[in-house]
Structures are given as C-alpha cells and as structure tokens.
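So you can see what is in the structure, the chains are spelled out below.
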Amino acid sequence: KKIIKILFIVSFSTICMGSSVLRSMFVPGWGEMNEYNILADKHDTNNLEYIKKRSNNLLIAEGVIWLGFLFSSDFSKSYKNDYKNYGIQYAGVNWSGKSDLFAAHVGNYNSTIEYNDLTRMLTGSSEDVYDIEDPNYVWDWQNNTSLRRQYDDMRNKSEQLDELKTLMIAALAINRIASVFDVMAISRKHGGSFSFDTYEESDEAGFKLNYNF
C-alpha cells in the first residue's frame, strides 16, 4: 500500500507540475531549466537567474557522479581480472563458480590445507572446510607471502571500488530527489499551487504534498 501511495503521489505531482518533475527524475537540473523557460514569459529574467545556477550545479553534480560511477566500475573490474589471473598463475586457483568469500580466503590463507586446519581449530567443526580431494577448491601460494599479499591488495582495491560504485548509485538517486524538491520549491515560490511540508510524530516522520484546487 505504501508503494502504491508513493507512486500515486509521484504521478500526481508530475501531472500537476507539467513535465518539470519528470524531467528532474531523468536528469537533475533539466526540470529547473524547464521551470525557468516557463517563468521567463511572465517574470523578470534577472529574478530567475538563481534557477539557472541551481540547474547548472545539479547538472555538474550529475556529470561528476556519473564519471565516478563509470571509473569505479571499470577499475573494479580491472582489479578483479588482475587478482583472478594472479591467483591462477601463482596459486593454481580455479575460479569457476567461486564466491567473493572464497576469493577472500585465498588472500588470507597460504593454502587450502592451512585454511582447513585453522577453521577446524577455531570452530571445532569441519562444516566450513573445503574438500582438498576436489581440485576445484585447492589453492597454494607455496608459502610466498609477498605474492599472496599482492593478490590480496588487488582484491581489496576491487572491493573498495565496487563499494564506491554502490555509493555513486545512491548519489544519483539523491541528486534526483534534490532536483524534484527544488522544482517544487521554485514552483511554489513563483505562485505555483503546489506546496509541501515535513512532519514528525512519535512513531514516524515524513513529508506531505499539498495541492490547492
């Protein structure tokens, strides 16, 4: 029900405010420019310059975020390919069907045998050990700590960049929300019938959209 209400509010606001909200959802800053063009016919454009500045700031932020997303995604994939090839070459790792947790174990333990022995000692169980009879789960760095650490460094960088990519996705969503609210504020400031306010109660907080007929 909550999702349906949210969708209804978004659809309703889009209809009532023309296409500005919808444009802001697609490209932050685009809705502001649409509002500027609409208002320019009836207002002194000198009083509307702030709208252009907001639009430009949101567009620049969008571009920076997209660049961050693309770079973090590409570099994460690059590091992932590097550490996998490194593991194959120096530890005999078979990556078919393997998880990120397996990749972490490869970087933290010299060999499958070492991992199994320490796991049994710490947990008192053989539930989480790998079957050393299965060559698909066997790795061995031949006690070369330097190689293992180089591998783990690449793996960590790949994970960090992947986390950054996730943050960039969140930033893209936040930038759109900011632009939508900005368009609503601009419309209200210049005589639009849309208004919104926040509320806070004992068990919840949120915002209300109001439309005056």
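Please refer to the structure placed before this passage.
Note that the structure is predicted; figures quoted are calculated from it, not measured.

A separate point is the side chain of lysine 98. If you trace the backbone, lysine 98 turns up in the loop between helix H4 (49-91) and helix H5 (100-108). No salt bridge is formed by the buried lysine 98; its nearest oppositely charged neighbour, aspartate 134, is found at 7.1 Å.

On to unusual backbone geometry, then. Outside of glycine, negative phi angles account for most residues, and trans bonds account for most peptide bonds. Not every positive phi belongs to a glycine, and glutamine 142 is a case in point at roughly 55 degrees. Considering the arrangement of structural elements, one finds glutamine 142 in the loop between helix H6 (112-123) and helix H7 (145-189). Of the residues examined, glutamine 142 reaches a relative accessible area of 59% and is grouped as exposed. Although it is not a glycine, asparagine 143 sits at a positive phi angle of roughly 60 degrees.

Here we take up H7. When the terminal C-alpha atoms of H7 are compared, their 64 Å separation across 45 residues agrees well with the 66 Å that a helix rising 1.5 Å per residue should span. Remark: glycine 191 follows H7 within two positions and exhibits a positive phi of approximately 90 degrees.

Let us now look at the packing of aromatic side chains. For the structure shown, the criterion picks out 17 aromatic pairs. Both rings, one in phenylalanine 102 and one in tyrosine 130, keep their centres 5.4 Å apart while their planes meet at 85 degrees; by these two values the pair is edge-to-face. One end of the pair, phenylalanine 102, is in helix H5; the other, tyrosine 130, is in the loop between H6 and H7, and 28 residues separate them in sequence. Just as phenylalanine 102 is buried, tyrosine 130 falls in that class too. On the basis of an interplanar angle of 50 degrees and a centroid distance of 5.3 Å, the ring pair of tryptophan 141 and tyrosine 151 is categorised as tilted. One end of the pair, tryptophan 141, is in the loop between H6 and H7; the other, tyrosine 151, is in helix H7, and 10 residues separate them in sequence. Assessed through its relative accessible area of 1%, tryptophan 141 is described here as buried. Taken together, the ring pairs in this structure connect Tyr83, Tyr86, Tyr90, Trp95, Phe102, Tyr109, Tyr115, Tyr130, Tyr137, Trp139, Trp141 and Tyr151 into an aromatic cluster. Its guanidinium or amino end placed over the ring of tyrosine 137, lysine 98 lies 4.6 Å from that ring's centre, counting from NZ or CZ.

A separate point is the pattern of salt bridges. Under the definition given, this model contains seven salt bridges. Between aspartate 117 and arginine 120 there is a salt bridge, with its nearest N and O atoms 3.7 Å apart. Of this pair, aspartate 117 and arginine 120 both sit in helix H6, three residues apart, which is roughly one turn of that helix. On the basis of relative accessible area, aspartate 117 is assigned to the partly exposed category, the value being 44%. Residues lysine 157 and aspartate 153 are paired through a salt bridge, measuring 3.4 Å at the closest nitrogen-oxygen approach. You can see lysine 157 and its partner aspartate 153 sitting in helix H7, four residues apart, about one turn around the helix. Three or more residues are tied together by salt bridges with common partners; here these are Asp152, Arg155 and Glu159.

What counts and what doesn't
- Residues numbered from 1 in each chain as written.
- Predicted model: local features only at pLDDT ≥ 70, side-chain atom pairs only at ≥ 80, totals over all residues.
- Heavy atoms only, no water.
- Helix = DSSP H or I, 4+ residues; strand = E, 2+ residues; numbered from the N terminus.
- Buried < 20%, exposed > 50% of the residue type's maximum accessible area, 1.4 Å probe, protein only.
- Lys, Arg positive; Asp, Glu negative; His and termini not counted.
- Salt bridge = Lys/Arg side-chain N within 4 Å of Asp/Glu carboxyl O.
- Expected span 1.5 Å × (residues − 1).
- Phe/Tyr/Trp six-rings, centres within 6.5 Å; stacked < 30°, edge-to-face > 60°.
- Lys NZ or Arg CZ within 6 Å of the ring centre and 35° of its normal.

Function-wise, these values are silent; they only describe arrangement.
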